[in-house]
Amino acid sequence: MAHVESAHLVELALGNAAPGDDDAEALRHVERCDRCRDELGMLTRLVTAARTAAAVDLPTPPPEHVWRRITREVSRETGTPPPPDYPWRESGPGS
């Protein structure tokens, strides 16, 4: 058997394996193939990490001064004013 397709390994890592011949054959291949076993292991760790993530693990939004600078730079590059609904919209030239 050729290597297991990455999409199939993703399904296996997600626990979406069905009791069919394709999945059984793929799992038998994974047992014998270092490359596919390593990829399935990495995908399984990724799925586990994603499923066990808590709010504290999520990135925090940048502070307001960062958004102001981003908005100012994008406005300069595009030649358009920042959207009016931005609470940090700066008024006047050079601000």
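Conventions adopted
- Residues numbered from 1 in each chain as written.
- Predicted model: local features only at pLDDT ≥ 70, side-chain atom pairs only at ≥ 80, totals over all residues.
- Heavy atoms only, no water.
- Helix = DSSP H or I, 4+ residues; strand = E, 2+ residues; numbered from the N terminus.
- Contact = heavy atoms within 4.5 Å.
- Buried < 20%, exposed > 50% of the residue type's maximum accessible area, 1.4 Å probe, protein only.
- Arc of directions from axis to C-beta.
- Expected span 1.5 Å × (residues − 1).
- Disulfide = S-S within 2.5 Å.
- Core = buried A, V, L, I, M, F, W, Y, C linked by side-chain atoms within 4.5 Å.

Quick look at the side chain of S75
Here comes step 1: Relative to the elements of secondary structure, S75 occurs in helix α4 (residues 64-78).
Here comes step 2: For S75, the contacting residues outside a window of four places in its chain are T80, P81 and P82.

Focus on helix α1 (residues 6-13)
Here comes step 1: Those residues of α1 that sit buried are L9, L12 and A13. The buried residues of α1 occupy an angular sector of 95° when the element is viewed end-on, so they sit on one face.
Here comes step 2: Buried residues in α1 make contact with α2 (21-32) and α3 (34-52).

Considering α3
Here comes step 1: With 19 residues, α3 ought to run about 27 Å at 1.5 Å a step, and its terminal C-alpha atoms sit 27 Å apart, in line with that.
Here comes step 2: Restricting attention to buried positions, one finds in α3 the residues C36, L40, L43 and V47. All buried residues of α3 fall inside an arc of 65° around its axis, so they share one side. Counted as exposed and oriented over 90 degrees from the buried face of α3: D34, R35, D38, R45, L46 and T52.
Here comes step 3: Contact partners of the buried residues in α3: α1 and α2.

Some words on the state of the cysteines
Here comes step 1: Applying the stated criterion across every chain yields a total of zero disulfides.
Here comes step 2: No disulfide involves C36; its sulfur sits 3.7 Å from that of C33, the nearest cysteine.

Section: the nonpolar core
Here comes step 1: Of all hydrophobic cores here, the largest spans eleven residues; its members are V4, L9, L12, A13, A26, V30, C33, C36, L40, L43 and V47.
Here comes step 2: Listed by contribution, the elements that provide at least two residues to this core are α1, α2 and α3.
Here comes step 3: The dominant element in this core, judged by the number of residues it contributes, is α3, at four residues.
Here comes step 4: Not counting the four nearest positions on each side in its chain, L12 is found in contact with A17, D23, A26, L27 and L40.

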